[in-house]
Amino acid sequence: MKLRCRPIYAFLFCLGMMFSAVTLTAQNSLSLDGEWRFRTDREDMGVQQRWFEQSLTDRIQLPGSMPEQNIGDDITLTTKWTGSIYDSSFYFNPKTEKFRQPGNIFIPFWLTPKKHYVNAAWYQRDVTIPAAWNGRRVVFEMERPHWETRVWVDGKEVPGLQNSLSVPHRWELSDYLTPGSHTLTIRIDNRLKEINVGQNSHSVTDHTQGNWNGTVGRLALDSKSSVFIKHALLYPDRQSGKVKAVVVLSQGTQKQPVKVTLKPSAMNFDAKMVYKPQSSAWVTGDTVVMEYAMGADVRLWDEFTPNLYNMTVTVAPKSGGSDVHTETFGFRDIKAMGQQFVVNGRPTVMRGTVENCQFPKTGYPAMEEAEWTRLIKVCRDFGLNHMRFHSYCPPRAAFVAADKAGFYLQVEGPAWANHSTTLGDGKPVDNYLMDEYERIVAEYGNHPSFMMLAYGNEPRGRGSLPWLANFVTYWKNKDQRFLVTSASIGMSAWRVTPESDFIVRSGARGIPWEKGAETMFDYSKGDAANWPHPYVSHEMGQYCVFPNLDEIKKYDGVMSARNYMMFAQILADNHMADQAHDLMMASGKLQTLCYKAEIEASLRTPNAAGFQLLGLNDFSGQGSAIVGMVDSFWDEKGYVTAGEFRRFCNDVVPLARIPKFVYRNDETFDADILVANYSASQMPNQDVLWRVTDENGNFVKEGKFNKHIGYGSGLPLGVARVILAEVKKPSRLRLEVTIGAYANDWSFWVYPVIENMPAPADVYVCDTPDAKMYDVLDKGGKVLLLSGKHTVRGKEVVQYFKPVFWNTSWFKMRPPHTTGILVQHNHPALADFPTDYHSDVQWFDVSHRQRVMDLEDFPPSFRPIVQPIDTWFLSRRLAMLFEANVGKGRLMVCSIDLDSQLNDRLAAKQMRYSILNYMASDKFQPAASLSREVITGLFEEKKVVKVEMGKDAPDEIKFNIGQ
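Residues numbered from 1 in each chain as written. Predicted model: local features only at pLDDT ≥ 70, side-chain atom pairs only at ≥ 80, totals over all residues. Heavy atoms only, no water.

Engineer: Would you take a moment to explain the overall build of the protein for this structure?
Structural biologist: Helix and strand counts for the protein come out as 12 helices and 50 strands. Against the 2.2 N^0.38 benchmark of 30 Å for 963 residues, the protein shows a C-alpha radius of gyration of 32 Å, consistent with a compact globule. Expressed along its principal axes, the backbone C-alpha trace of the protein runs to roughly 115 × 75 × 70 Å. Relative to its full complement of 963 residues, the protein shows a buried share of 60%. Of the contacts made within the protein by residues no fewer than 6 positions apart, 73% connect residues no fewer than 24 positions apart. About 37700 Å² of surface is accessible on the protein, with carbon and sulfur atoms providing 50% of the total. Seen as two clouds, the 107 positive and the 108 negative side-chain charges of the protein have centres 3 Å apart. (Helix = DSSP H or I, 4+ residues; strand = E, 2+ residues; numbered from the N terminus. Rg over C-alpha atoms; globule rule 2.2 N^0.38 Å. Buried < 20%, exposed > 50% of the residue type's maximum accessible area, 1.4 Å probe, protein only. Contact = heavy atoms within 4.5 Å. Areas by Shrake-Rupley, 256 points an atom, 1.4 Å probe, with all protein chains shown as cover. Lys, Arg positive; Asp, Glu negative; His and termini not counted. Charge placed at Lys NZ, Arg CZ, Asp CG, Glu CD.)

Structure follows, in structure tokens:
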């Protein structure tokens, strides 16, 4: 009999079949998202009191964390943080007393969580297992709990505990969860105990994500066949087009024959090839090894063409049923050839940033692919192709996003075994970490973005070097899909592990400007030259910018920026709240200049392997290290755009070796033009254009080369030469070099020759406020006070041209103390000294190691012409140049050395010339008036309460707070 259906019934029948299929698929997984019963265990009595047999009474939402739901303890002065404090003076400095008030505490070291809790907590809910799961195996997955878990079902503990900080915790509950209702109880403990990965490790520390309790990401029960896939490890070979698959099975108590089937497919591109399934014979065991030949014409994966494939792996037990597992992979290889990285046969430079697990909205790493896609896009927009995860391993979503973007990752274990622990000394952390790397590679090793593996950050321990050598050798022999290094390290206290494939060390960084700014230097003769491996600059940059206080309102999640609030109050107390944005913008321009100088030096270095910035985004811990071009939310701050940054940080960067940036107009400007090319191809028959223009864009000189540009760094192209005799007035000129779609530029300054520079007859010049100075002022005269080294107020402030490194708290006020200058650039005193509102290289000679003046006793509204920007922990109102009416006269005060060696110090000579011209003119009409006492006070000692910082590093609190 034929069944005849009207069209509408046929449609409904098909629709019903579709929804049935969805339901059946969904029934293989039971989401546990939602409300759970909950209880904190501050006294750690839950196990002893058998809470797993009781019904917990509090409520919490999972996935989630306790701080997200405002659960935990209030912040007090006795909060036991997970992290080193390098400057404990906050706890006893009289000036910070108002920030230590109960109920209103401002922690300066890091972002402050709404609540803080470090101990065990219990989570519980009832689950109903479907009848269809009868006889099937059941696995409970918590994608990212923090961090040690134990599990009970119906009051019975499932043996063991899990404590990975990097991969999902999966508990097999087949013997406990039969069809029907059950009670599932979890105990999560976030304390550092016998296994101590280091209290500053970004996997656990309050310096970054925070030490939270809870579980985030996927939370579910999965129904599995009698034999299921634990891991499917894929080893693609780009040259042969073959994929080796190592399928690790969970066989259960009774092993049975299985058949494994592989079926590859293109994931993110249209492929003409349709790959047929390929099955093994019936095999018995826990591991099945197969090979699938996909052909030599497979598409490759890299930063330019991130072509991805899926491999669907099916295991079919002979008893029936099946388990299906899909893994994403790409055909690529990475090799260390000499001092360079080579990806798919092409030289590559790693242009990276350090990701420190800072997620102020949630207090834990993003678990959604979309957020990682956004962060990686920001990196790519800024010209980066690489990210190092500092002492933690990100969740799967980060790898998935990086795979799709063609972004290279350095993965690390969850350890900075230094301040509260050591490595290689026989402590439990030694074996824990070796097990953790096995888990990391099994979970994430198929991702083509997983390019590099390191133990973690800067270890301590007498046995650390042999431990690291063993770690490197083990993984080099076991898995060639990625390169291995021992650790990311600085220079001073850490030795290189020569077994490493590559080195991450701080020897190839810094700007060696002491006598003047220039771009002649590179890192070819430093520590990098001592090693035959690729040498990646460790934590390059760390140049500070004044905090963006407008950012405070963005902290509407788990973390509060009470450190920024404290800095804002200090600024207001010193009468500069209205300058907050300007201070940030001006210091940001200097920060950008320094990053540009350092990155370009790296790209000028022959056979450069790369750099890892610290960082593209701010680091809100370790004393508040405001070092990023983007903030903690990865948003631009306004002083540099991604496009501007990408001019000097990209796969192709025009470069120049310029011996100095300040010239007389009887000199010749010569610049050697170079290029770094790590693009997708070489550049044959390439035009290289250079052009010099003035501030108004008017043409001065141009030239052109035609070159074959291969791969490499610091490749010479030609010389740009400009005879400067035609420059008749003080000018800022700009050299721009363009290579196809890529361009870069540098400003330089030209001043007319000044033979003689006597002071105007009506201007008295002195270096101390002597009697004659006041006599001149009393008579309505004009005085230039070049106070220089005679200035007393402010002498403790050490100013370099370069800004604060990392922050002054973490390094106990190690110089420098300032982050650039804010300039009234349109002030007529600087009419013959072309400048912007911020530091640029012409300011080197007139700011580097120059004395500053502390204007603490000046009227609140007083603003200098040139204002050094102090560390935000003190925000002293500083000056290097100011003017005022004093009595009947007019006074200009300058603490810059404008006297010595002026024929060799062109900027200083030009500034003196500009100031004197202004003072001789009718424009010299100061708006503000000051008393004689205020001026004299700059040259007198003032009694202050000196607060000694501890000498230890870290400077942990060694006193009883509040007693």
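Engineer: Looking at this structure, I do not really get the packing of helix α4 (residues 428–444) against helix α5 (residues 464–478). What am I missing?
Structural biologist: Helices that pack against each other are described as a pair by the angle of their axes relative to one another and the distance between those axes. The N-to-C vectors of α4 and α5 enclose an angle of 25°; their axes lie 12 Å apart at closest approach. Taken together, the axes of α4 and α5 are roughly parallel relative to one another. For the pair α4 and α5, the crossing hand works out as right-handed. Taking contact as the criterion, the partners of Asp 430, Leu 433, Met 434, Tyr 437, Glu 438 and Val 441 in α4 are, on α5, Trp 467, Asn 470, Phe 471, Tyr 474, Trp 475 and Lys 478. Residues belonging to the contact of α4 with α5 are distributed by class as follows: eight nonpolar, one polar and three charged. (Axes fitted to C-alpha atoms, helices over the stretch in contact; angles between N-to-C directions. Parallel < 35°, antiparallel > 145°, perpendicular 65-115°, else oblique. Left-handed = near helix turned anticlockwise from the far one by under 90°. Nonpolar A, V, L, I, M, F, W, Y, C, P; charged D, E, K, R; others polar.)

Engineer: Got a minute to help me understand the domain arrangement of the protein in this structure?
Structural biologist: How big an interface is tends to be stated in terms of accessible area lost as the parts join. Per the domain assignment, the segments of the protein are domain 1 (29–221), domain 2 (227–321), domain 3 (334–647), domain 4 (668–750) and domain 5 (763–938). Using C-alpha coordinates to define each centre, domain 1 is positioned 57 Å away from domain 4. (Domains from an automatic or database assignment.)

Engineer: So what exactly am I meant to see when it comes to the sheet that holds strand β24 (residues 346–348) here?
Structural biologist: Sheet strands associate in pairs through backbone hydrogen bonding, adopting either a parallel or an antiparallel arrangement. The strand order across the open sheet formed by three strands is β22-β23-β24, and the pairing between neighbours is antiparallel. Two strands close off the open sheet at either side, each with one partner strand: β22 (334–337) and β24. Across this sheet, the average inter-strand angle for adjacent strands is 40°, counted without regard to direction. Bridge analysis of β22 against strand β23 (residues 340–343) gives four bridges, and the strand direction is antiparallel. Within β23, the residue paired with Ala 336 across the bridge is Phe 341. (Pairing = 2+ DSSP bridges.)

Engineer: What exactly am I supposed to notice about the pairing of strand β17 (residues 258–266) here?
Structural biologist: Each regular strand carries side chains that alternate between the two faces of the sheet. Here β17 pairs with strand β20 (residues 309–317) via nine bridges, running antiparallel. Within β20, the position partnered with Val 260 by the bridge is Val 315. Bridge analysis of β17 against strand β18 (residues 278–279) gives two bridges, and the strand direction is antiparallel. Within the sheet, the bridge partner assigned to Thr 261 lies in β18 and is Ser 279.

Engineer: Teacher, can you tell me more about the side chain of Arg 905 here?
Structural biologist: Mapping Arg 905 onto the fold places it in the loop between β50 (889–894) and α11 (906–920). Using a relative accessible area of 10% as the deciding quantity, one classes Arg 905 as buried. A polar contact of 2.9 Å, which involves the side chain of Arg 905, links it to the side chain of Asp 845. Here Ser 900 takes part through its backbone oxygen, which lies 2.8 Å from a polar atom of the side chain of Arg 905. Setting aside residues up to four positions removed in sequence, Arg 905 forms contacts with Asp 845, Gln 850, Asp 897 and Ser 900. (Polar contact = N/O pair within 3.5 Å; in protein donor to acceptor, adjacent residues only side chain to side chain.)

Engineer: Just to check I follow, could you spell out empty space enclosed by the protein for this structure?
Structural biologist: To find leftover empty space, a probe the size of one water molecule is rolled over the atoms. Evaluated as defined, the whole model comprises five cavities of 30 Å³ or more. Considered as a void within the structure, the largest cavity measures approximately 90 Å³ in volume. Around the largest cavity, the lining is made up of 15 residues, and of these Pro 67, Pro 113, Lys 115, Asn 211 and Trp 212 lie nearest the centre. Each residue belonging to the lining of the largest cavity can be placed in one class, and the counts come to six nonpolar, seven polar and two charged. (1 Å grid on protein atoms, 1.4 Å probe; cavity = no way out; pocket = protein on both sides within 12 Å on 5 of 7 lines; lining within 4 Å. Points joined across faces, edges and corners; volume = space filled by probe spheres on them.)

Engineer: Can you walk me through the environment of Leu 483 in this structure?
Structural biologist: Relative to the assigned elements, Leu 483 resides in strand β29 (residues 483–485). Along the primary structure Leu 483 and Lys 335 are separated by 148 residues, whereas in three dimensions their C-alpha atoms are 7.1 Å apart. Each residue touching Leu 483, except ones within four places of it in the same chain, is listed here: Ile 334, Lys 335, Ala 336, Phe 341, Met 451, Met 452, Leu 453, Asp 501 and Phe 502.

Engineer: Would you mind showing me how to read the pattern of salt bridges here?
Structural biologist: Where side chains of opposite charge bring their charged atoms close, a pairing between them can arise. In the structure shown here, the tally under the stated rule is 66 salt bridges. When the shortest N-O distance is used, the salt bridge between Arg 187 and Glu 148 registers 3.8 Å. With Arg 187 in strand β13 (residues 180–189) and Glu 148 in strand β10 (residues 148–153), the pair connects residues that are 39 residues apart, well separated along the chain. There is no split in this pair, since Arg 187 and Glu 148 are both buried. A salt bridge links Arg 905 to Asp 845; the shortest N-O distance between them is 2.9 Å. Placement of Arg 905 in the loop between β50 and α11 and of Asp 845 in helix α10 (residues 844–847) is noted, with a sequence separation of 60 residues between them. According to the relative accessible area criterion, Asp 845 is partly exposed, its value standing at 23%. Linked through salt bridges whose partners overlap, the residues forming this network are Asp 44, Glu 148, Arg 187, Asp 189, Arg 191 and Lys 193. (Salt bridge = Lys/Arg side-chain N within 4 Å of Asp/Glu carboxyl O.)

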